[in-house]
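Secondary and tertiary structure notes
Next come the chains, spelled out residue by residue.
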Amino acid sequence: MSLPIIHHPGYSCEWPEGHPFPMAKFRVLRERLSALGFDARDDVRWITPSPATSGALLRTHTADYLQRFYLGEVLTTRRTPSGFPWSPALVERTLLEVGGTLATVEAALESGLALNSAGGTHHAYADRASGYCLLNDLAVAARYLLAQHGLERILVVDCDVHQGDGTAWIFRDEPRVFTLSLHGEANFPFEKRRSDRDVALPRGTGDNAYLACLARELDPILTDFRPQFVFFDAGVDVHADDRLGHFSLSTDGLYRRDAFVLERCRRLDVPVAGVIGGGYDRDLEALADRHAQLFLAALALHSRFGRKGPG
Ligand SMILES: [Zn+2]
């Protein structure tokens, strides 16, 4: 069975020059994966997603907030809650990104492992945007699994350097979704929410300390909670050269982190949907190379596990 990778050319939209969010990174990542030979491989299957529907979004987001999201908020200040300038194109690309994570879930249920070349917008709340996140794709997709597939134990492994505060808050009273967040103590959001398990690590955390912590945290949750499905937010803003993160992981450390999480899930035969999460280098080639580690780790693993059994 081939490794499904979900991508839409519309993930990157027209964007104001000099805006701190690297909107073009989704396109550059796609190009990077081509350069790495992902197009020519017969063990990779590219899937083009559809935009998320209102029905799917309403399981997580309030109708009032969705109306403001679709139509544009009337702004009284220059700073919007998301940090983004609202436009119809931004709405469309955001719906594609959430639709991409939904397609990733479907593909992961079939194949055991699937990746979205976007996603991980974990700061968005049910009723508001925050920190470059308008809609919470992880929450929308988890609610989809609860409602449409009747799953009862879903784990969100959030390794972005920023705490997954929106996801934590959305699922604060939902025992069927377990949220694990490893994040920088000193990073945004400065008012943290309570995940089911939070691990705040200090400034400067490097590969070995990080990977040891991840192993220590993840294994007991897999054993005790016994998830039927795992979301993996593989944010690369933990990298030493990231503009917004305070950690010091190397590119090799990213690969080892991603390989570890995916391997742990696949070894237990738990389907896993990976999303790329945050990453904020102005050097888009360097940034795409960091995000590409998730895809390289998945491909290496998929050739080991992908052809085994019904998954
Ligand atoms: Zn982040």
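Above this note sits the structure.
Reading the values: the criteria
- Residues numbered from 1 in each chain as written.
- Predicted model: local features only at pLDDT ≥ 70, side-chain atom pairs only at ≥ 80, totals over all residues.
- Heavy atoms only, no water.
- Salt bridge = Lys/Arg side-chain N within 4 Å of Asp/Glu carboxyl O.
- Buried < 20%, exposed > 50% of the residue type's maximum accessible area, 1.4 Å probe, protein only.
- Helix = DSSP H or I, 4+ residues; strand = E, 2+ residues; numbered from the N terminus.
- Donors = N, O, S within 2.8 Å, 3.2 Å for Na, K, Ca; no water.
- Tetrahedral: all angles 85-135°; square planar, octahedral: opposite > 155°, others 65-115°.
- Phe/Tyr/Trp six-rings, centres within 6.5 Å; stacked < 30°, edge-to-face > 60°.
- Core = buried A, V, L, I, M, F, W, Y, C linked by side-chain atoms within 4.5 Å.
- Polar contact = N/O pair within 3.5 Å; in protein donor to acceptor, adjacent residues only side chain to side chain.
- Contact = heavy atoms within 4.5 Å.
- Pairing = 2+ DSSP bridges.

Let us look at the pattern of salt bridges. This structure, assessed with the given rule, holds 16 salt bridges. Here Arg 41 makes a salt bridge to Asp 43, at a shortest N to O gap of 2.8 Å. Judged by its relative accessible area of 37%, Arg 41 is partly exposed. The partner of Glu 263 in a salt bridge is Arg 304, with the nearest N and O atoms 3.9 Å apart. Here the residue Glu 263 occupies a position in helix α8 (residues 251-267), and Arg 304 occupies one in helix α9 (residues 284-305), the gap between them amounting to 41 residues. What makes Glu 263 buried here is its relative accessible area of 13%. Residue Arg 304 is classed as exposed on the basis of its relative accessible area, which comes to 58%. One salt-bridge network, in which partners are shared between bridges, spans Asp 219, Glu 263, Arg 264 and Arg 304.

Take the coordination of the zinc ion next. For a metal bound by four donors in a tetrahedral arrangement, the ideal donor-metal-donor angle is 109.5 degrees, while six donors in an octahedral arrangement ideally sit at 90 or 180 degrees. Within the protein, the zinc ion binds to Asp 160 (OD), Asp 160 (OD), His 162 (ND1) and Asp 237 (OD); these donor distances fall in the range 1.9 to 2.7 Å. Considering all four donor atoms around the zinc ion, the spread of angles at the metal, 53 to 155°, places the coordination shape in the irregular class. We note that the donor set of the zinc ion lies within a single chain, spaced as D-x1-H-x74-D. Look at His 162 and you get buried, because its relative accessible area is 6%.

Right, let's get into the packing of aromatic side chains. With the rule as written, the count across this model stands at 14 aromatic pairs. Aromatic pair Phe 21 and Tyr 280: ring centres 6.2 Å apart, planes at 65°, arrangement edge-to-face. Taken together, the positions of Phe 21 in the loop between β1 (3-6) and α1 (25-35) and Tyr 280 in the loop between β8 (272-275) and α9 put the pair 259 residues apart, joining distant regions of the chain. Comparing Phe 21 with Tyr 280, the two get one shared label, buried. Here Phe 188 and Phe 190 contribute two aromatic rings whose centre-to-centre distance is 6.0 Å and whose plane-to-plane angle is 90°, an arrangement assigned as edge-to-face. Looking at Phe 188, the relative accessible area reads 28%, which means it is partly exposed. Grouping aromatic residues by their ring pairs yields a cluster made of Tyr 11, Trp 15, Phe 21, Phe 26, Phe 84, Tyr 132 and Tyr 280.

Here we take up the nonpolar core. Soluble, globular proteins show a tendency: their nonpolar side chains are buried together. Counting 99 residues, the largest nonpolar core has Leu 155, Tyr 210 and Phe 231 as its most contacted members. Among the elements that take part in this core, helix α4 (residues 88-111) stands out by supplying 10 residues, more than any other.

On to unusual backbone geometry, then. Of the consecutive residues Phe 188 and Pro 189, the connecting peptide bond is found in the cis state with omega at -5°. Note on placement: Pro 189 falls in the loop between β5 (177-184) and β6 (197-201). A positive phi is found at Arg 226, a non-glycine position, where the angle reads about 50°. Not every positive phi belongs to a glycine, and Asp 269 is a case in point at roughly 65°. Within the secondary structure layout, Asp 269 lies in the loop between α8 and β8. Note on Asp 269: relative accessible area 46%, which makes it partly exposed.

Residue placement: His 162 occurs in the loop between β4 (154-158) and α6 (165-170). Looking at His 162, its side chain comes within polar contact range of the side chain of Asp 237, at 3.0 Å. Those residues within four positions of His 162 in sequence are excluded, and the remaining contacts are His 122, His 123, Ser 181, His 183, Asn 187, Phe 188, Pro 189, Asp 237, Leu 244 and Tyr 280.

With burial as the criterion, each face of strand β3 (residues 113-116) is covered, one bearing Leu 113 and Leu 115 and the other bearing Ala 114 and Asn 116. Taken together, the two bridges between β1 and β3 define a ladder with parallel strand orientation. Each residue of the ladder has a partner; that of Ile 6, found in β3, is Asn 116. Two elements, β3 and β8, share three bridges in a ladder whose sense is parallel. Bridge pairing in β8 links Leu 115 to Gly 274.

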